[in-house]
Amino acid sequence: MNGLYGKRIKRLILIMIFALTFIVSSALFMVTRSRYVTEMGGTGTDLGGQDNDLDNEVVTPFNVGSPLDLFNAIASGYNYVRLSAELDAPIIMTGDSLDLNANLTLDLNGNEIQRSSRAGLVSVSEGKTLTIVDTKGGGGLYNPTGNVLAINGGDLNVFGGKFESGPRAGEYYSNLRASAGGLYSDIKVGAVTPRKNGTPSEMPLLPVRKDAAGNLIGGNIYFDEAVGGSGSTIAADTYCYVAVNDKQLGEVAAFDVSEAAFVYSYIYESQDVTVFGFNDVVKTAESAVGNLNGKTLYNNFAAIQMQSGKLNVNVNVDGALSGTRASDDGSFYSYFGTQHSACVYMTGGEMDVSTSGTFQTVDPGTLPLGCLAKSSEGSCIISERLRDTSEGGVLDFGASKSNTSPASAQLAESLTKS
C-alpha cells in the first residue's frame with residue numbers, strides 16, 4: 001500500500017507542476033499580447049471594419065541595427081521587425097523598392113528610416129499587409145527625393161510614425177547657413193574617394209551635424225543654390241544624403257549607387273562619410289514623364305502612393321499618451337511644393353483615416369526666396385477618380401479629429417486641385 005500510495009502522490013505532484021506551468025505560460029502570453037496591443041495604440045475602436053486590437057503571434061522581434069539587417073528581414077519574410085534602441089542616427093535605405101514576401105509588422109521604435117531613391121521603400125502587393133507601429137514615438141519614414149511607400153493591392157495599417165516626402169525646409173542650404181552658424185558658412189572643396197563612375201576626385205566636403213550628446217547623426221542638405229568650384233560643383237536643386245557610414249549605411253560594398261548622380265566618400269572628424277547626390281529634385285517632381293490617351297503623366301511623388309488596396313490610419317495620441325508620444329505621430333507631409341505632389345496620391349483603393357496627426361503641405365513662408373518649391377504648395381490628397389468608386393478611390397475622412405488636425409480643412413482644397 002505504501003508503495004502504491006507513494007506512486008499516486010508522485011503522479012499528483014507531477015500533474016500539479018504541469019498545471020502550474022501551463023497557467024504561468026498562459027498568463028505570460030496574455031500579458032505579452034496586451035502590452036503589444038497597447039504599444040500599437042489599440043483602443044478597441046473600429047478600423048476599416050476590423051477591431052483595432054489585431055491578433056498578433058507573440059514572437060521575439062527581429063532586431064534591426066543597419067540597412068542590411070532591414071533588407072534581409074523584409075526579403076526573408078520576417079513577420080515582426082523592430083528597429084534597434086541603440087540606433088542614434090537615421091538609417092538610409094538604397095536600392096530598388098522591396099516587395100513584401102509575408103505580412104510584416106514594422107516597429108520604428110522611435111527611429112527614422114530615410115530612403116535614397118525616387119521609388120518608395122516597400123510596395124505592398126495584393127494579399128499582403130504592412131503594419132507600422134512606433135512603440136517609443138517620434139519615429140518615421142522620410143524620402144526627400146520621391147515616394148515613401150506604395151500600396152499596390154495590399155493593406156497598409158498605420159498605428160504610429162510620421163511619413164514625409166520631399167526635402168524638409170530645415171535642410172535647405174540657405175536656411176542651414178542662417179541657423180547653423182559657421183558650420184555651413186564656408187564649405188571647402190577637397191580630395192574625395194569617388195564611389196560612382198563620373199564623380200570627380202575633388203568635391204565639396206559637406207559638414208556633418210551632431211545631436212545634443214555630440215554624436216554625428218548625418219548632414220543631409222538640399223541645395224537651393226550651387227556650391228563648389230569649377231568641375232567640382234553641386235548644382236542647385238540637388239539633394240545630398242550626407243551619411244556616417246558605420247551608423248547609417250553599413251558596409252560600402254552594400255551601397256546601391258545606381259540612381260544617384262554622384263557618390264563620394266571622405267573622412268570627417270575621424271569618421272567615414274559618404275555623400276549621395278540626386279539632381280533636379282523639385283524639377284523631377286513637377287516635370288511630365290509621359291502621355292497616356294491624351295493625358296499628361298507625372299511622377300506624382302507622395303508619402304503614400306496607392307493604386308489599389310487599403311490605407312488604414314488609426315493614430316490618436318491624447319490623454320495619458322500625450323506626454324509620451326510625439327504630436328506628429330500619424331502625420332503625412334509633402335514638401336516638394338509642386339502641383340503634382342501630395343501627402344497621399346491615389347488612383348484606386350480605399351482610405352480610412354482617424355488621426356490626431358496632420359496632412360500637411362510645405363509652408364512657403366519657411367522656404368528661401370526664389371526657390372523652386374515656392375511655385376505651388378501641392379496637395380494633401382490627390383485622387384484621380386474620387387467619386388467614381390468603381391474605378392477610383394474611396395475616402396472616409398469622417399473620423400479625423402478636425403479639432404486637433406487641419407486635415408479636414410485642407411481636404412477640400414486637395415479635392416479642388418485634383
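Being a predicted model, the structure only gives us computed values, none of them experimental.

## Focus: a nonpolar patch on the surface
There is a patch of nonpolar side chains on the surface, built from Val289, Leu292 and Leu297 and spanning about 250 Å² of accessible area. Turning to its location among the elements, Val289 is positioned in strand β23 (residues 288–292).

## A short note on the pattern of salt bridges
Enumeration over the complete set of coordinates arrives at ten salt bridges. With a shortest N-O distance of 3.7 Å, Lys247 and Asp88 are connected by a salt bridge. With Lys247 in helix α4 (residues 245–249) and Asp88 in the loop between β4 (80–83) and β5 (91–93), this residue pair connects regions lying 159 residues apart in the sequence. Taking relative accessible area as the criterion, Lys247 reaches 22% and is therefore assigned partly exposed. For the salt bridge of Arg177 with Glu225, the shortest nitrogen-to-oxygen distance reads 2.9 Å. In this pair, Arg177 is assigned in helix α3 (residues 173–179) and Glu225 in the loop between β19 (221–223) and β20 (238–244), connecting sequence segments 48 residues apart. Look at the salt bridges and you will find they share partners, linking Glu112, Glu164, Arg168 and Glu171 into a network.

## Considerations on the packing of aromatic side chains
Counted by the stated rule, this structure contains eleven aromatic pairs. Seen from their ring centres, Tyr241 and Phe278 are 5.7 Å apart, and the 70° between their planes marks the pair as edge-to-face. Residue Tyr241 is found in strand β20, and its partner Phe278 is found in strand β22 (residues 271–278); the two are separated by 37 residues along the sequence. Centre to centre, the rings of Phe262 and Tyr264 are 6.1 Å apart; their planes meet at 20°, and the pair counts as stacked. Owing to a relative accessible area of 0%, Tyr264 belongs among the buried residues under this scheme. Taken together, the ring pairs connect Phe163, Phe332 and Phe359 into an aromatic cluster.

## Describing the confidence of the model for the chain
Averaged over every residue, the pLDDT of the chain is 80; the share at 70 or more is 73%. Here residues 386–392 is a poorly scored stretch, pLDDT under 50, and it has eleven contacts once near neighbours within four places are set aside; other chains count. Here residues 398–418 is modelled with pLDDT under 50, and outside its nearest four sequence neighbours on either side it reaches 36 contacts, counting other chains as well.

## Let's talk about the state of the cysteines
Scanning the model with the defined rule gives zero disulfides in all. Of all cysteine sulfurs in the structure, the one in Cys343 sits closest to Cys380, which takes part in no disulfide; the separation is 4.7 Å. Its relative accessible area of 5% is what places Cys380 among the buried residues.

## What to know about unusual backbone geometry
Within the chain, Asn109 stands out as a residue other than glycine whose phi angle is a positive 55°. On the secondary structure map, Asn109 appears in the loop between β7 (104–107) and β8 (112–115). A positive phi angle, close to 65°, is found at Asp237, a residue other than glycine. Considering the arrangement of structural elements, one finds Asp237 in the loop between β19 and β20.

## Overview of the environment of Leu87
Mapped onto the secondary structure, Leu87 falls in the loop between β4 and β5. Residue classification places Leu87 among the buried positions, given a relative accessible area of 16%. Measuring from C-alpha to C-alpha, the distance between Leu87 and Lys247 comes to 7.5 Å, with 160 residues separating the pair along the chain. When residues no more than four places from it in sequence are discounted, the contact partners of Leu87 are Val64, Gly65 and Asn111.

Rules of the game
- Residues numbered from 1 in each chain as written.
- Predicted model: local features only at pLDDT ≥ 70, side-chain atom pairs only at ≥ 80, totals over all residues.
- Heavy atoms only, no water.
- Patch = residues over 30% accessible without salt bridge, like charges linked within 9 Å, V, L, I, M, F, W, Y side chains within 5 Å.
- Areas by Shrake-Rupley, 256 points an atom, 1.4 Å probe, with all protein chains shown as cover.
- Salt bridge = Lys/Arg side-chain N within 4 Å of Asp/Glu carboxyl O.
- Helix = DSSP H or I, 4+ residues; strand = E, 2+ residues; numbered from the N terminus.
- Buried < 20%, exposed > 50% of the residue type's maximum accessible area, 1.4 Å probe, protein only.
- Phe/Tyr/Trp six-rings, centres within 6.5 Å; stacked < 30°, edge-to-face > 60°.
- pLDDT = per-residue confidence, 0-100.
- Contact = heavy atoms within 4.5 Å.
- Disulfide = S-S within 2.5 Å.

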